[in-house]
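Each chain, written out:
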Amino acid sequence: MSERANLLDFTLPRLTQWLAALGEKPFRARQVFRWIHQRGVDDFDAMTDLAKSLREKLGRTAEVRAPAVLSEHRSADGTVKWLFDVGIGNGIETVFIPEEDRGTLCVSSQVGCTLSCSFCHTGTQRLVRNLTAEEIVAQVMIARDALGEWPSPQTDRQVTNIVLMGMGEPLFNYDNVAEALKIVMDPEGLSISRRKITLST
């Protein structure tokens, strides 16, 4: 049996092409994309405006899979830190920092790092591998899930800003980081403004 496609890895144009190869029309891709990225739904059977035949087809060929959460720690000030499992013996961290006028999510882009910046503990760890686009997107999805942000609000969001300055050097994983940011910025999905995203190098 072939491995199922993880739809967290797909931009809307890629999802449109993938579904076209299965004989589906472009509007179906928008529906699926919205279910995943606006409502946080990972069960195809719950995507009720899709034809039953398409839901069954997706169940056979695709999945919406995020890394397992190894731990979640919440501080009195509202800061939340997650540790995710991205493979045997490998973990990455994602941190949500609430402030009066914003909520910033610090996202990892690599497991470990090749640099040894004096201010960063990650530099003491060897680089294991780059994160995939789906693993980067999944950090945002799980944070929104934990913060109760489904369906995706248009106002009064808790996660308003994304910063890539956590584990890893994002520009050493440029292709996957760029693909992930296209997904989180898409107006058909999470619709996070590019002005609210900071890539620190």
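Because the structure is a prediction, the values reported are computed rather than measured. (Residues numbered from 1 in each chain as written. Predicted model: local features only at pLDDT ≥ 70, side-chain atom pairs only at ≥ 80, totals over all residues. Heavy atoms only, no water.)

## Some points on the nonpolar core
For clarity, the cut-off: Residue types Ala, Val, Leu, Ile, Met, Phe, Trp, Tyr and Cys, when buried and joined through side-chain atoms within 4.5 Å, form a set referred to as a nonpolar core. Think of it in three bands: residues with accessible area under 20% of the maximum for their type are buried, residues over 50% are exposed, and the middle band is partly exposed, with areas taken using a 1.4 Å probe on protein chains only. Numbered from the N terminus, helices here are DSSP runs of H or I no shorter than four residues, and strands are runs of E no shorter than two. Only heavy atoms enter the contact rule, under which two residues are in contact if any of them lie within 4.5 Å.
Membership of the largest hydrophobic core comes to 52 residues, with the highest contact counts inside it found for Leu7 and Leu58. Elements with a minimum of two residues in this core: α1 (12-21), α2 (26-37), α3 (52-61), β4 (80-85), β5 (91-98), α4 (133-146), β9 (161-164) and α5 (174-185). Ranked by residues supplied to this core, first place goes to α4 with 8 residues. Not counting the four nearest positions on each side in its chain, Leu7 is found in contact with Leu15, Trp18, Val32, Ile36, Phe44, Leu58, Ala62, Glu63 and Val64.

## Side note on the side chain of Asp9
If you trace the backbone, Asp9 turns up in the loop between β1 (5-6) and α1. Look at Asp9 and you get buried, because its relative accessible area is 18%. Apart from the residues within four sequence positions on either side, Asp9 is in contact with Arg14, Ala133, Glu134 and Ile183.

## Notes on the pattern of salt bridges
Side chains that differ in sign of charge can pair as their charged atoms come close. What counts here: Definition used for salt bridges: Asp or Glu carboxyl oxygen within 4 Å of a side-chain nitrogen of Lys or Arg.
One pass over the structure, following the stated rule, counts 12 salt bridges. Here Asp101 makes a salt bridge to Arg102, at a shortest N to O gap of 3.7 Å. Its relative accessible area of 61% is what places Asp101 among the exposed residues. Residue class for Arg102 comes out partly exposed when judged on its relative accessible area of 38%. Of the charged contacts, one joins Glu135 and Arg129 as a salt bridge, the two residues approaching to 2.8 Å between their closest N and O atoms. Residue Glu135 is classed as buried on the basis of its relative accessible area of 12%. Among the charged side chains, a salt-bridge network with shared partners connects Arg4, Glu63, Arg65 and Glu134.

## Some details on the packing of aromatic side chains
Which entries qualify depends on this criterion: The criterion for an aromatic pair is that two Phe, Tyr or Trp rings (for Trp, the six-membered ring) have centres within 6.5 Å, with stacked assigned to planes under 30 degrees apart, edge-to-face to planes over 60 apart and tilted to the rest. In this analysis the charged atom, NZ for Lys or CZ for Arg, is taken to sit over a ring once it is within 6 Å of the ring centre and within 35 degrees of the ring normal.
Under the defined criterion, the tally for this structure stands at 1 aromatic pair. Here Phe10 and Trp18 contribute two aromatic rings whose centre-to-centre distance is 5.7 Å and whose plane-to-plane angle is 80 degrees, an arrangement assigned as edge-to-face. Overall, the relative accessible area of 7% leaves Phe10 in the buried class. The aromatic ring of Trp35 is capped on one face by Arg39, whose charged end is 4.1 Å from the ring centroid. Over the ring of Trp150 we find Arg144; its NZ or CZ atom is 5.1 Å from the centre of that ring.

## Focus: the side chain of Arg55
To be explicit about the condition: The charge count treats Lys and Arg as positive and Asp and Glu as negative. His and the chain ends do not count. Polar contacts, as used here, are pairs of N or O atoms within 3.5 Å; protein pairs need one atom able to donate a hydrogen and one able to accept it. Residues neighboring in sequence count only if both atoms are side-chain atoms.
Note on placement: Arg55 falls in helix α3. Of the side chains with opposite charge, Asp45 comes closest to the buried, unpaired Arg55, at an N-O distance of 5.1 Å. One polar contact links the side chain of Arg55 to the main-chain carbonyl oxygen of Asp45, over a distance of 3.5 Å. Excluding residues within four positions of it along the chain, Arg55 makes contact with Phe44, Asp45, Met47, Thr48 and Leu50.

Without other data, these values stay purely geometric and don't point to any function.
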